[in-house]
Amino acid sequence: MTVRLYSTLTGCAEPLHPDVNGVIGIYACGPTVYSRIHIGNARPFVVFSVLKRYLERRGERCRLVINITDVNDKIYDAARAEGVPSTELAERCARQYVEDTDMLGLGRPDAEPKVTDTMDEIVALIGSLIERGLAYPADGDVYFRVAAFPGYGRLSGRNLVDMVPGDDGDLKDDPLDFALWKGYKESEDAWWDSPWGPGRPGWHIECSAMAERELGMGFAVHGGGIDLAFPHHENEIAQSEGAHDGVPFAHVWMHNEMLELSDSKMSKSIGNIALLADVVERWGADTVIAYFMQSHYRSRLPFSDERLRDAEAACDRIRNAVRALDRALGAPEAGESNDPDLMKALVDARQRFHEAMDDDFGTPGAIAAVFDLVRVINQTLDRGRPASGQLREVRLELIGLLDMLGLAGLGDPVDDDAPQDVLDLLAAREAARVEHDFASADALRDQILARGFELRDGPDGPEVYASS
RNA sequence: GGCGACCUGGCGAACUGGGAACGCAUCGGUCUGCAAAACCGACAUGAGUGGGUUCGACUCCCACGGUCGCCUCCA
């Protein structure tokens, strides 16, 4: 069974191809660093990080590259507004971005190149395009000649005739042409030398240069938000394939849909944003990851407290099943035999999980398979206690599936051991209950809760659980 | 104006030409002194509307309505 991913370029699910070294190269467009990233920016980070994780757990070798764009109009603007050098602002925001995404606990990409570290490659790429007649210098700027690249518009499904360009093209031969290099301006406090004079790269060219340096031409997956398909990715294709006489740049173009808040997409320009760090701080990494994974990456995803609450409840359901397994494993009386329903559920869950994931990264179906397993685990433990060996196998398998979704944290053992003062309160409550002094018992229960432990009165007496 | 996508139960959300996953919420039950939590069970005879193709469509085609996206910075 092979993994297939829907490609915006072909409109179909395409099989993944490793490169000549057997590595699946994945390039995802990262943030432009001029402010802290919001929860919408986090979606591609999560999607592509988990994609890599899944492929690796499946036995593939991967290399994930997520760039950091640290030269851009907005960075100059934001730095000027703040009264700091643009390079300083970009560096600070880049650090902040790493910190914020680290909160998710999904690890780092294999490479996180910056534009400022790629100037040589960018200049060389532009030179190569000029040589081929695909680009032309104009008074310190360099522009890509869109009409000279035959495949232009294929990715975003538009033809040149229909396009209504802006009228900013004083120096351009054609309004559709776009900048590869922008000549130095007074208002910009950072610039680099080039054969066409001082200046800085246009938007788009940096990704062509970084992707090629890190992954070579013809890597497996290029992705990012769907709003980047045009013009950013369209222009990347034109630049990269133009400079290599049509050699394919990337095989699959994988785009995630947008988050939406109050029925319109979340975006910095509209201002309806929630910072990733705030959301993770409030809800926890597992809940945020589960929130993303419960919907398909190509679906628009509403963002609201209610959605996060749902995700949190879903996480709790899984945590509770793991906790129930651990309690059963820790119980003194051991079961003798394997439960046949549980054995079957284990096999089914694994199969359904992989079918869903291999079919265009169907994380909602994969999670559904996990929940089906969770239900059977609960049912089984409700009936009695199967053999320890089976419980351990089920636990291992469940955590394994969760790990492929970046949700292994849901299986972390919970320390339910209560400190002595809580145990004293518990004993006092039991004493009150024996006396039928329920007012005191309830007050003591509240005190225990305030100390961070829940009380659950079961058939075998009360148990304390660490509150989540 | 050009291009495109989407419309599934109270909410969120999948798969699929022939049985409508999964989560949340709700309701009922087990347990409990009562709760809470946990667990179990129930919950769309129907998939925006109207046509068409088909033995059969939520699933394919057409129209209409609605929502949204891109065409300018945007994950």
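Residues numbered from 1 in each chain as written. Chains lettered and ligands numbered in written order. Predicted model: local features only at pLDDT ≥ 70, side-chain atom pairs only at ≥ 80, totals over all residues. Heavy atoms only, no water.

Turning our eyes to something else, we now look at the overall build of chain A. Within chain A, the regular secondary structure consists of 14 helices and 15 strands. The principal-axis extents of the C-alpha atoms in chain A amount to approximately 90 × 50 × 35 Å. Counting all 468 residues of chain A, 51% fall into the buried class. Of the contacts formed within chain A by residues at least 6 apart in sequence, a portion of 75% connects residues at least 24 apart. Here chain A has roughly 21000 Å² of accessible surface; of this, 49% comes from carbon and sulfur atoms. (Helix = DSSP H or I, 4+ residues; strand = E, 2+ residues; numbered from the N terminus. Buried < 20%, exposed > 50% of the residue type's maximum accessible area, 1.4 Å probe, protein only. Contact = heavy atoms within 4.5 Å. Areas by Shrake-Rupley, 256 points an atom, 1.4 Å probe, with all protein chains shown as cover.)

Bringing the pattern of salt bridges into the picture now. Under the criterion given, the structure shown has 39 salt bridges. Put simply, Glu-82 and Arg-92 hold a salt bridge, and the shortest N to O gap is 3.0 Å. Highlighted residues: Glu-82 in helix H2 (residues 73-82) and Arg-92 in helix H3 (residues 86-102), separated in sequence by 10 residues. Overall, the relative accessible area of 42% leaves Glu-82 in the partly exposed class. Overall, Arg-92 belongs to the partly exposed group, its relative accessible area being 34%. Among the salt bridges present, the one from Arg-145 reaches Asp-173, with a minimum N-O distance of 2.8 Å. Pair noted here: Arg-145 is in the loop between strand E6 (141-144) and strand E7 (178-183) and Asp-173 is in the loop between E6 and E7, with a separation of 28 residues, a long-range link. When salt bridges with common partners are traced through the structure, they connect Arg-63, Glu-121, Arg-213 and Glu-214 into a single cluster. (Salt bridge = Lys/Arg side-chain N within 4 Å of Asp/Glu carboxyl O.)

Where helix H7 (residues 276-283) contacts helix H9 (residues 305-330), the axes come no closer than 11 Å and their chain directions differ by 45°. Looking at the two axes, H7 sits oblique to H9. Relative to H9, the crossing made by H7 is right-handed. For the pair H7 and H9, the contacting residues are Val-279, Arg-282 and Trp-283 in the first and Asp-305, Leu-308, Arg-309 and Glu-312 in the second. Classifying every residue of the contact of H7 with H9 by side-chain character gives three nonpolar, no polar and four charged. (Axes fitted to C-alpha atoms, helices over the stretch in contact; angles between N-to-C directions. Parallel < 35°, antiparallel > 145°, perpendicular 65-115°, else oblique. Left-handed = near helix turned anticlockwise from the far one by under 90°. Nonpolar A, V, L, I, M, F, W, Y, C, P; charged D, E, K, R; others polar.)

Turning to its location among the elements, Ser-304 is positioned in the loop between strand E13 (301-302) and H9. With relative accessibility at 25%, the residue Ser-304 sits in the partly exposed group. For the pair Ser-304 and Ala-229, spaced 75 residues apart in sequence, the C-alpha separation works out to 26 Å.

What follows deals with the state of the cysteines. Evaluation of the coordinates by the stated rule reveals zero disulfides. Cys-62 takes part in no disulfide bond, and the closest cysteine sulfur to it belongs to Cys-29, at a distance of 18 Å. Left unpaired, Cys-93 is separated from the closest cysteine sulfur, that of Cys-207, by 18 Å. (Disulfide = S-S within 2.5 Å.)

You can see Arg-53 is positioned in helix H1 (residues 39-57). Engagement of the side chain of Arg-53 in a polar contact is seen with the side chain of Asp-403, the distance being 2.9 Å. Once residues lying within four places of it in the same chain are set aside, the contact partners of Arg-53 are Gly-105, Leu-106, Asp-403, Met-404 and Gly-406. (Polar contact = N/O pair within 3.5 Å; in protein donor to acceptor, adjacent residues only side chain to side chain.)

Turning next to the sheet that holds E7. If you trace the four strands from one edge of the open sheet to the other, you get E5-E6-E7-E8, paired in antiparallel fashion. Strand pairing shows two members of the sheet lacking a second neighbour, strand E5 (135-138) and strand E8 (199-201), which therefore form its edges. Each adjacent strand pair in this sheet contributes to an overall mean axis angle of 20°, direction not counted. Sheet topology note: the E5/E6 ladder contains four bridges and is antiparallel. Bridge pairing in E6 links Ala-138 to Asp-141. (Pairing = 2+ DSSP bridges.)

Core analysis: the biggest nonpolar cluster contains 90 residues, and Met-254, Phe-292 and Phe-353 have the highest contact counts within it. Setting aside residues no more than four positions away along its own chain, Met-254 makes contact with Leu-5, Tyr-6, Val-47, Phe-48, Leu-51, Val-221, His-222, Gly-223, Gly-224, Tyr-297 and Phe-361. In terms of nonpolar packing, the next biggest core, distinct from the first, is built from 42 residues, Cys-29, Val-71, Val-146 and Trp-196 among them. (Core = buried A, V, L, I, M, F, W, Y, C linked by side-chain atoms within 4.5 Å.)

Moving on, we come to the domain arrangement of chain A. Domain assignment breaks chain A into domain 1 (4-137 + 147-160 + 205-256), domain 2 (304-411) and domain 3 (420-466). Each of domain 2 and domain 3 has a C-alpha centre, and these two points are 30 Å apart. (Domains from an automatic or database assignment.)

All right, on to the sheet that holds strand E4 (residues 61-66) then. As summarised here, the arrangement of the four strands in space is E4-E3-E9-E10, forming an open sheet in which the pairing is parallel. Only two strands of the sheet have a single partner each, and these edge strands are E4 and strand E10 (250-256). The mean inter-strand angle of the sheet, taken between neighbouring strand axes irrespective of direction, is 20°. Sheet strands in contact with H1 are strand E3 (23-28), E4, strand E9 (219-225) and E10, and its direction is about 165° off that of E4. Contacts from helix H5 (residues 205-215) reach E3, E4 and E9, with the element oriented near 160° to E3.

Here the focus is the pairing of E4. In terms of strand pairing, E3 meets E4 through six bridges, oriented parallel. Looking across to E4, one finds that Val-23 is bridged to Arg-61. Following the chain from E3 across H1 to the adjacent parallel E4, one finds a crossover that is right-handed. (Right-handed = clockwise from strand over helix to strand, strands pointing away.)

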